[in-house]
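# Report on the structure
Residues per chain are reported as follows:
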Amino acid sequence: MISRVYRATLFALYQLCIVIGIVAMPLAIATRQAGLSLPIHRLLSNVEQAYETAHAQ
């Protein structure tokens, strides 16, 4: 039961990260033009890996 809740939570977090990435796109474009980069891709990658690991168990 706990693993089911854990996987559901990770899935919701993954979906939330995707939405945040989409909403932050204009900010990311502006920071890229300023020579900076937002680390949203790293956050999304880490959450995706955690979800896939939990799903495989």
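Note: the structure precedes this text.
This write-up is about the structure you can find in this document. Computed from a prediction, not measured in an experiment: that's the story for all the values here.

With respect to the element layout, phenylalanine 11 can be found in helix H1 (residues 2-23). In the structure, phenylalanine 11 is positioned 41 residues away from glutamate 52 in sequence and 9.4 Å away in space, judged by C-alpha atoms.

With that settled, the discussion passes to the packing of H1 against helix H3 (residues 40-56). Relative placement of two packed helices is described by the angle separating their axes and the distance separating the axes. At a minimum axis distance of 9 Å, the contact between H1 and H3 shows a crossing angle of 160°. Taken together, the axes of H1 and H3 are roughly antiparallel relative to one another. The crossing of H1 and H3 is left-handed. Judged by residue contacts, Tyr6, Arg7, Leu10, Phe11, Leu13, Tyr14, Cys17, Ile18 and Gly21 of H1 engage Ile40, Leu43, Leu44, Val47, Glu48, Ala50, Tyr51, Ala54 and His55 from H3. Tallied by class, the residues present in the contact of H1 with H3 amount to 14 nonpolar, two polar and two charged.

A separate point is the packing of aromatic side chains. As enumerated under the stated definition, the model contains one aromatic pair in all. Their ring planes at 45° and their centres at 5.7 Å tell us that phenylalanine 11 and tyrosine 51 sit as a pair that is tilted. Here phenylalanine 11, found in helix H1, pairs with tyrosine 51, found in helix H3; they are 40 residues apart in sequence, far enough to count as distant. Take phenylalanine 11: its relative accessible area is 41%, and that puts it in the partly exposed class. Taking relative accessible area as the criterion, tyrosine 51 reaches 21% and is therefore assigned partly exposed.

Together, Leu13, Leu16 and Ile20 make up an exposed nonpolar region whose accessible area comes to about 250 Å². As for its position among the elements, leucine 13 is in helix H1.

What counts and what doesn't
For every chain, the first residue of the written sequence is number 1, and numbering continues from 1 along that sequence. Selection of residues for local features in this predicted model requires a pLDDT of at least 70, selection of side-chain atom pairs for listing and counting requires 80 or more, and totals for whole chains, interfaces and linings are taken over all residues. Computation of side-chain values covers all heavy atoms of the structure but excludes hydrogens and water. Strands are runs of DSSP state E lasting at least two residues, helices are runs of H or I lasting at least four, and both sets are numbered from the N terminus onward. All axes are obtained by fitting lines to C-alpha atoms, using only the stretch in contact for helices, and the reported angles, taken between N-to-C directions, cover 0 to 180 degrees. Just so you know how the angles are binned, under 35 degrees is roughly parallel, over 145 roughly antiparallel, 65 to 115 roughly perpendicular, and the rest oblique. By definition, turning the near helix anticlockwise from the far helix through less than a right angle yields a left-handed crossing, and turning it clockwise yields a right-handed one. By the convention used here, residues are in contact when the closest approach between their heavy atoms is within 4.5 Å. Under the scheme applied, nonpolar residues are Ala, Val, Leu, Ile, Met, Phe, Trp, Tyr, Cys and Pro; charged residues are Asp, Glu, Lys and Arg; polar residues are all the others, including Gly. Stacked, edge-to-face and tilted are the three classes for Phe, Tyr and Trp ring pairs, Trp counted by its six-membered ring, which pair at centre distances within 6.5 Å; planes under 30 degrees apart are stacked, over 60 edge-to-face, the rest tilted. Only protein chains enter the accessibility calculation, which uses a 1.4 Å probe; a residue whose area is less than 20% of its type maximum is buried, one above 50% is exposed, and one in between is partly exposed. Exposure above 30% relative accessible area and the absence of a salt bridge qualify a residue for a patch, where like charges join within 9 Å and nonpolar side chains (Val, Leu, Ile, Met, Phe, Trp, Tyr) within 5 Å. For the area figures, the Shrake-Rupley method with a 1.4 Å probe applies, and any residue is considered shielded solely by the protein chains shown. We count a salt bridge whenever a side-chain nitrogen from Lys or Arg sits within 4 Å of a carboxyl oxygen from Asp or Glu.

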